[in-house]
Amino acid sequence: LSLGLILSVSMMAQDHVHTPFCAYDHAVEALEQQYPGFRDAANRSFQQAKENYSGSRDVYTIPTVVHVVWNQADENIPDEQINDVIARLNTDFRRLNTNAADIRPEFENVVADTEIEFVLVGVERVQTTATFSAGLTGLPDEIKQTSAGGSDAWDTNAYMNIWVGNLGTGGVLGYAYPPACAPNWPAESTAPSPDLDGIVIHYEIFKVGENVDILIEQLGQSITLNYNAEGRTIIHEIGHYLGLRHIWGDGTLLDQLLGTPVCNEDDGISDTPNQGLQSNFMCDDTQNTCDDGAGDLPDMYENYMDYSDELCMSSFTLEQKAVMRGSLENCRSGLLAGASSIQESQALGAQIKVSPNPTSGTVRVDLDFQDNEEYTVTVRDMLGREVFSASSNLGINNMDLDLSGESNGVYMVEVLKGNVRTAKKLVLAK
């Protein structure tokens with residue numbers, strides 16, 4: 001099941017209207033025709049992810065591989081750009097993003113730290129003469145195949161694979177396959193090869209903090225989309241990869257094109273508002289496409305599973321967290337097989353002070369422990385890379401760290417005591 005961000009040029013009445021829409025419903029309809037019963041099977045899998053979530057507070061770490069498939073030099077994105085995006089994933093999935101505080105009051109009680117992190121374990125670079133065109137008529141899985149000019153996946157059961165390449169001017173910015181374990185597919189139907197599982201993203205938006213112009217050519221029309229690339233379209237696609245649907249519940253393709261709210265469709269998530277349309281790459285406080293009467297909420301443009309301006313995307317909800325973690329505990333459990341799960345503790349966090357914060361380099365970690373149990377302090381950058389680690393001397397409840405040799409940015413100071421861990425955010429600004 002392909003879930004792609006597609007931008008379409010349509011003609012309505014006598015006017016040319018440039019209307020963004022997603023191919024989700026188009027893909028579901030196509031697969032329903034090919035595999036009768038697919039829609040119901042996919043919905044059952046989604047419900048299973050919610051119902052099977054254990055409620056664990058373990059931090060789940062996903063090993064991630066980025067495949068850069070390039071033709072022109074500007075498509076061969078540098079390592080620094082990849083690092084910026086991985087750092088964005090870690091800040092946003094852990095709700096450490098600077099715009100998290102901008103959530104509107106009516107949604108403050110439902111937003112969540114997903115307790116999911118990402119570690120970059122490999123970058124594959126393939127220069128190619130192949131082209132990868134994406135649109136409503138098909139998706140370019142050739143980018144995932146060395147034999148077709150792309151790059152073969154690392155074991156998709158054990159690694160989250162991201163392919164970055166030029167997807168052409170058809171309007172697709174990204175797509176992903178959601179969890180496809182056995183219950184996802186009807187009997188006697190053929191699932192995509194496991195080697196094709198993962199996420200594909202257009203190279204122009206795989207970046208953080210840059211405004212870009214994207215050329216879209218469809219139906220004989222051309223437009224230039226001005227787009228704020230903040231690394232959040234990839235977050236949206238990872239949401240699909242971990243089992244989430246669009247916040248507006250994916251009404252029909254025609255309804256999305258015509259701007260007709262569909263309020264009887266739902267994303268299956270009870271703590272997102274009933275929303276009849278996507279937010280059309282805007283952040284409009286007044287947009288409320290479905291009126292549910294008393295207690296009605298506006299559309300939640302802050303949600304990563306909407307289509308709003310990436311500058312305004314900031315949040316997953318508690319139930320979206322449950323679906324994603326349920327997928328990791330079940331259909332995508334292979335991603336966690338090599339990771340150790342450590343119990344998080346807020347109580348332990350109350351015993352730890354990291355200062356000064358922000359710091360120019362020297363940091364003291366003070367720990368209010370009443371016993372002599374050994375502990376370990378580890379500092380990681382937002383790629384998950386370890387930059388410092390040391391174990392305590394028994395009876396010593398403080399530790400001085402020197403980070404003056406590291407680059408400015410956000411770091412996580414982790415304290416592990418027995419099988420219990422807590423983490424504090426630290427800002428290094430020299």
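The structure this text deals with has already been given above.
Quantities reported herein were computed from a predicted structural model and do not represent experimental measurements.

Rules and cut-offs
By convention here, each chain's residues receive numbers from 1 onward along its written sequence. Selection of residues for local features in this predicted model requires a pLDDT of at least 70, selection of side-chain atom pairs for listing and counting requires 80 or more, and totals for whole chains, interfaces and linings are taken over all residues. Only heavy atoms go into the side-chain values, all of them from the structure, while hydrogens and water stay out. To form a nonpolar core, buried Ala, Val, Leu, Ile, Met, Phe, Trp, Tyr and Cys residues must be joined to one another through side-chain atoms within 4.5 Å. Only protein chains enter the area calculation, which uses a 1.4 Å probe; residues under 20% of their type maximum are buried, those over 50% are exposed, and those in between are partly exposed. Any two residues whose heavy atoms approach within 4.5 Å at even a single point are treated as in contact. Counting from the N terminus, the helices are DSSP H or I runs at least four residues long and the strands are E runs at least two residues long. Positive charges come from Lys and Arg, negative ones from Asp and Glu, while His and the chain ends are left out of the count. For this analysis, a salt bridge means a side-chain nitrogen from Lys or Arg found within 4 Å of a carboxyl oxygen belonging to Asp or Glu. Think of a polar contact as two N or O atoms within 3.5 Å of one another; within protein, one of them needs to be a possible hydrogen donor and the other a possible acceptor, and neighboring residues in sequence only count if both atoms come from side chains. One bridge is not enough; two strands pair if DSSP finds at least two bridges between them. All axes are obtained by fitting lines to C-alpha atoms, using only the stretch in contact for helices, and the reported angles, taken between N-to-C directions, cover 0 to 180 degrees. A helix is expected to span 1.5 Å for every residue after the first. Note on disulfides: each one is a pair of cysteine sulfur atoms within 2.5 Å.

(A) Representation of the nonpolar core. Among the nonpolar cores identified, the biggest contains 56 residues, and Ile162, Phe206, Tyr227, Ile234 and Ile238 are the most heavily contacted of them. Those residues in contact with Ile238, other than ones at most four positions away along the chain, are Leu89, Phe93, Phe118, Met160 and Ile199. In this structure, Val365, Val377, Leu401 and Tyr411 belong to the second largest nonpolar core, which totals 17 residues.

(B) Spotlight on the side chain of Arg95. Inspection of the secondary structure assignment puts Arg95 in the loop between α3 (79–93) and β4 (111–112). Among buried charged residues, Arg95 stands out as having no salt bridge; its nearest opposite-charge side chain is Glu108, 7.9 Å away. A distance of 2.9 Å separates polar atoms of two side chains, one belonging to Arg95 and the other to Ser315. If near-sequence neighbours (up to four positions away) are discounted, Arg95 is found in contact with Ala100, Ile103, Val111, Ala112, Asp113, Ser314 and Ser315.

(C) Region of interest: the sheet that holds strand β17 (residues 398–402). Here three strands make up an open sheet; going across it, the order is β13-β14-β17 and the pairing antiparallel. One side of each edge strand has no neighbouring strand; the edge strands of this open sheet are β13 (352–355) and β17. Averaged over all pairs of adjacent strands, the angle between strand axes in this sheet comes to 15°, irrespective of strand direction. Examined bridge by bridge, strand β14 (residues 362–367) and β17 share five bridges and lie antiparallel to one another. Across the sheet, residue Thr362 finds its bridge partner in β17, namely Asp402.

(D) Quick look at the pattern of salt bridges. Inspection of the entire model under this criterion finds 14 salt bridges. With its nearest N and O atoms 2.8 Å apart, the salt bridge here joins Glu115 to Lys321. Taken as a pair, Glu115 in the loop between β4 and β5 (116–127) and Lys321 in helix α6 (residues 318–329) lie far apart in primary sequence, 206 residues in all. In this structure, Glu115 and Lys321 share a single accessibility class: buried. Sharing partners across several salt bridges, the network here consists of Arg88, Asp92, Glu230 and Arg232.

(E) Quick look at α6. Taking 1.5 Å per residue as the helical rise, α6 with its 12 residues ought to reach 16 Å, and the 16 Å between its terminal C-alpha atoms agrees with that figure. All of the buried residues along α6 are Glu319, Gln320, Lys321, Ala322, Val323, Met324, Arg325, Gly326, Ser327 and Leu328.

(F) Expanded view of the environment of Asn76. Relative to the helices and strands, Asn76 is located in the loop between β3 (60–70) and α3. Placed 90 residues apart in sequence, Asn76 and Asn166 show a C-alpha to C-alpha distance of 10.0 Å. With sequence-adjacent residues up to four places away left out, Asn76 is seen in contact with Val68, Trp70 and Arg125. A distance of 2.6 Å separates the side chain of Asn76 from the side chain of Arg125, its partner in a polar contact.

(G) Looking closely at the environment of Leu215. Relative to the assigned elements, Leu215 resides in strand β9 (residues 208–218). Judged by its relative accessible area of 39%, Leu215 falls in the partly exposed class. When the C-alpha positions of Leu215 and Leu225 are compared, they lie 6.3 Å apart, and in sequence the two are 10 residues distant. Apart from the residues within four sequence positions on either side, Leu215 is in contact with Thr169, Ser222, Ile223 and Thr224.

(H) Representation of the state of the cysteines within the structure. Evaluated as defined, the whole model comprises two disulfides. Here Cys283 is linked by a disulfide to Cys312, with a sulfur-sulfur distance of 2.1 Å. Judged by the torsion about the S-S bond (115°), the Cys283/Cys312 disulfide is right-handed. Here the residue Cys283 occupies a position in the loop between α5 (253–258) and β11 (316–317), and Cys312 occupies one in the loop between α5 and β11, the gap between them amounting to 29 residues. A residue is classified by how much of its surface remains accessible, and Cys283, at 27% relative accessible area, is partly exposed. Here Cys312 falls in the partly exposed class, since its relative accessible area comes to 24%.

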